[in-house]
Amino acid sequence: MGRIEVLSDQVANQIAAGEVIERPASVVKELVENCIDAGATQIEVEFKSGGKNYLRIEDNGCGMSREDALLSLQRHATSKIRSADDLDHVLTMGFRGEALPSIASVSKFLLQTKEKGSESGTEILIDGGERSHVRDCGMPTGTRITISNLFNTVPARRKFLKTVATEGAHIVQHTRLYALAHPEVAFTLIDDGRIVFKTPACNKLKDRIGEIFGKQASKNLLDLEGKEGDLSISGLIGKPGYSKSSRHEMFMFVNNRPVDSKTLAYALIESYHGHIPKGRYPFAFVFLNIPPAKLDVNVHPAKREIRFRNETQVRGLAVKAILDTLRKSLADQQKRISIDVASVPGEKPTPSKIKNLEPVASVVSVKKKEGTTEEAVESKTIARKRIAVVPAAVATIPGKKLSSKPSKSLPEVSSDKAKLETDRKSGEPEKSKTEFQAVNWRHIGWAHSEYALFETKAGLVVLSVNAAQRRVMYEKLCKQFSDKSPETQKLLLPVSMEFDPISSSILGDNLQFLKDHGFDVEPFGRNFYRVESSPVWLPENDLEDFVRELVGLMRQGKLSSSKLEMADRVIAEHAVLRSVQMESNLPSIALTRLLEDLFACSNPLADIDGCPTFFELSKGEIKKRFHKSKGGNTQSFF
Ligand code: ADP
Ligand code: MG
């Protein structure tokens, strides 16, 4: 080791910048926070080329005198705290006095500012960490900071920046967060000369959400409110059943500061359990107010992550408030239903009637599958009526050998489950190593409409039609994806969709990937896309939902064109779960076809989750159940 030396300010600032300033959006975050701390009622953020080459943040706040302006660029210069004890009472956004000197050390930095009552403003230019000039300038009260060539002094850092679209999207996301946290402040955001959003000062959070996310989204929100001791919670959360595909739509704020809080996120996810489908996330804007002393804000200089000194208390309050809101909404809904029933002329609302309204959904969810012919529908009806009389169709499956050693009997399926699952998880192509030779299966009927029963040479087979269909479709889609030949249909009316900026940029980067999977998506104005054609298997009214689901998966890193084989499987799995509907009493032609397709699969034995598609009861097993052991001695009842 060499001699110890104190680092120059310039180097110390650059190191601090490395911690605080990751990307253009971090600059926006720090500077917008300063505007808010300065009491601004109007904030304007402008950027070009994703903020890499140009950023301007301007406010009408208190401004600075020349003396303060010069001081503000020194390390650990802050007007916000005076001693370490003050940390327990911090209410302002910043307090470290690090942002301005750090940013100035890694860019060309122009600060212009004017205090109320002073005649002229001050302008300070810093380039590459060196002060170029300090002079008077004319400007209204407030502060304007213009940054060009971010990271010009640290080229290694500049190389790590993502595309212009992605960096821009992060800026938009951050600005949105602060706009949500402060509806009372008017915000304008400009990207390459175009206004991304311009929202006036709003009285209510709901109005601000409407301005940013659209009026429709704001209509699906419920008021959240709760209090316990010196903690209080408020905000807006999605109605029961209203959900999002990604966790990025849970917005959390503590003392009006946008934060990431595991405690609040879990409280939300847990409380919505049973109120939204599995795998989906709540849409929520949660504001917690807590005395600063109960908060540990000093976790990391740049990260938004926050910790509470008493996690249990916060969690308890959040869960209770969220559950109260959801329950109240459900109770209101129930009341509306009973009022509807009561208003039917001549009908008196009875408890049983009200109860009967609920199961409707489960009946409706058994959809008629597209392409079902008249004949098929009719045969289903007949089959239902005459339960006892089932024609014995003979389904002959063409012989298929999956291994060199033929075997007469069908494999024991359930014992393979664990192995199949291991195969799936290890990412190996699913291939059954079990020996299998097709035999003639004689269709003898149905059980519970969804299980086809077959008599076989060796015994009795029970096939889950649904599981078989899922397996067939899964393998078919995987093949289409790997051949890059998805079956698609052109939409008569293209479906247009709007995305938030980050999702939009991710989608924009993955258009070819989507095309290879059957979705022809075209950019259509800022953050808008138009789906021109879609896969044949996807019902048109599910299209928007499914595309959003895919974008959500991409955002979570679960789908990526760099891991194509895995992505193919993930998409196929989601497609199958969404589109294969429960079938009952399939007509015999369709059943024969299904068996042919199933045994053409590389793994006919298991559903996509590793559960069996069918199982066989051997003759021996059946006999055993009737207490007929090998000898065939029948137990006499007489
Ligand atoms: P911190 O916000 O942690 O105090 P910064 O480096 O961000 O540190 O800012 C240093 C100081 O410069 C602030 O404490 C504040 O007094 C002043 N300042 C920064 N930005 C503004 C602004 N937009 N308007 C008025 N004063 C500002
Ligand atoms: Mg600051």
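Residues numbered from 1 in each chain as written. Chains lettered and ligands numbered in written order. Predicted model: local features only at pLDDT ≥ 70, side-chain atom pairs only at ≥ 80, totals over all residues. Heavy atoms only, no water.

Concerning the pairing of strand β4 (residues 121-127)
For a regular strand, side-chain orientation follows a simple rule: the groups alternate between the two sheet faces. Counted residue by residue, β4 has 6 buried out of 7 residues, so it is predominantly covered. Sheet topology note: the strand β3 (residues 108-114)/β4 ladder contains 6 bridges and is antiparallel. Opposite Leu-111, over in β4, you have Ile-124 as the bridge partner. Hairpin remark: β3 followed by β4, antiparallel, with 6 residues in the connecting loop; positive phi at Gly-117, about 90 degrees. Two strands pair when backbone bridges link them, and β4 and strand β5 (residues 130-137) are joined in this way by 7 bridges, in the antiparallel orientation. Bridge pairing links Leu-125 to His-133 in β5. (Buried < 20%, exposed > 50% of the residue type's maximum accessible area, 1.4 Å probe, protein only. Helix = DSSP H or I, 4+ residues; strand = E, 2+ residues; numbered from the N terminus. Pairing = 2+ DSSP bridges.)

Describing the packing of aromatic side chains
Aromatic ring pairs are described here by two measures, namely the spacing of the ring centres and the angle between the planes. Under the counting rule described, the total for this entry stands at 14 aromatic pairs. Pairing Phe-251 with Phe-285 gives two aromatic rings, centres 5.0 Å apart and planes at 5 degrees, and the pair type is stacked. With Phe-251 in strand β11 (residues 250-254) and Phe-285 in strand β13 (residues 284-289), this residue pair connects regions lying 34 residues apart in the sequence. Under the relative-accessibility criterion, Phe-285 is labelled buried at 0%. Considering the side-chain rings of Phe-599 and Phe-614, the 6.0 Å spacing of their centres and the 70 degrees angle between planes classify their relative orientation as edge-to-face. Placement of the pair is Phe-599 in helix α20 (residues 588-599) and Phe-614 in strand β23 (residues 614-618), with a sequence separation of 15 residues. Judged by its relative accessible area of 1%, Phe-614 falls in the buried class. (Phe/Tyr/Trp six-rings, centres within 6.5 Å; stacked < 30°, edge-to-face > 60°.)

A few points about the sheet that holds strand β9 (residues 221-228)
Read from one edge to the other, the open sheet built from 5 strands follows the order β9-β10-β13-β11-β12, with strand pairing classed as mixed. On the outer flanks of this sheet lie β9 and β12 (257-259), each paired with one strand and no other. Across the sheet, the mean angle from the axis of one strand to that of its neighbour is 20 degrees, orientation sign disregarded. Across 8 bridges, the pairing between β9 and strand β10 (residues 231-238) is antiparallel. Opposite Glu-228, over in β10, you have Leu-231 as the bridge partner. Each of β11, β12 and β13 touches helix α6 (residues 164-181); the most contacted strand, β11, lies at about 55 degrees to it. Along the sheet face, helix α9 (residues 262-271) touches β10, β11 and β13 and points at about 135 degrees away from the line of β11. (Axes fitted to C-alpha atoms, helices over the stretch in contact; angles between N-to-C directions. Contact = heavy atoms within 4.5 Å.)

Here's the deal with the packing of α6 against helix α7 (residues 205-213)
Taken N-terminus to C-terminus, the directions of α6 and α7 make an angle of 160 degrees; their axes are 9 Å apart at the nearest point. Judged by the inter-axis angle, α6 sits roughly antiparallel to α7. For α6 against α7, the interelement crossing comes out right-handed. Taking contact as the criterion, the partners of Arg-176, Ala-179 and Leu-180 in α6 are, on α7, Leu-205, Arg-208, Ile-209, Ile-212 and Phe-213. Across the contact of α6 with α7, the residue classes break down as 6 nonpolar, no polar and 2 charged. (Parallel < 35°, antiparallel > 145°, perpendicular 65-115°, else oblique. Left-handed = near helix turned anticlockwise from the far one by under 90°. Nonpolar A, V, L, I, M, F, W, Y, C, P; charged D, E, K, R; others polar.)

Details of the pairing of strand β22 (residues 528-535)
Of all the 8 residues making up β22, 6 are buried; the element is thus mostly covered by neighbouring parts of the structure. Where strand β20 (residues 488-498) lies against β22, 7 bridges are found, and the strand directions are antiparallel. Looking across to β22, one finds that Thr-488 is bridged to Pro-535. In terms of strand pairing, strand β21 (residues 520-523) meets β22 through 4 bridges, oriented antiparallel. Across the sheet, Glu-522 pairs through a bridge with Arg-530, a residue of β22. With antiparallel pairing between neighbouring strands as the criterion, β21 and β22 make up a hairpin whose turn holds 4 residues, including Gly-525 at a positive phi of roughly 85 degrees.

So, the sheet that holds strand β7 (residues 186-191)
Strand order in this open sheet of 8 strands is β5-β4-β3-β6-β2-β1-β7-β8, and the pairing throughout is mixed. Each end of this open sheet is capped by a strand with a single partner; those strands are β5 and β8 (194-199). With strand direction ignored, the average angle separating the axes of adjacent strands in the sheet is 10 degrees. Where β3 meets strand β6 (residues 142-148), 7 bridges bridge the pair, whose relative direction is antiparallel. Looking across to β6, one finds that Lys-108 is bridged to Ser-148. Across the face of the sheet, α6 comes into contact with β1 (42-48), β2 (54-59), β7 and β8 while running at roughly 175 degrees to β7. With respect to the sheet, α7 is in contact with β7 and β8, its orientation differing from that of β8 by roughly 165 degrees.

A closer look at α20
Over its 12 residues, α20 extends 17 Å from the first C-alpha to the last, a length consistent with the 16 Å expected when each residue adds 1.5 Å. Among all positions in α20, only Leu-591, Leu-594, Leu-595, Leu-598 and Phe-599 are buried. Looking down the long axis of α20, one finds its buried residues gathered within 120 degrees of arc, a one-sided arrangement. The exposed set on the far side of α20, more than 90 degrees from its buried face, consists of Ile-589 and Arg-593. (Expected span 1.5 Å × (residues − 1). Arc of directions from axis to C-beta.)

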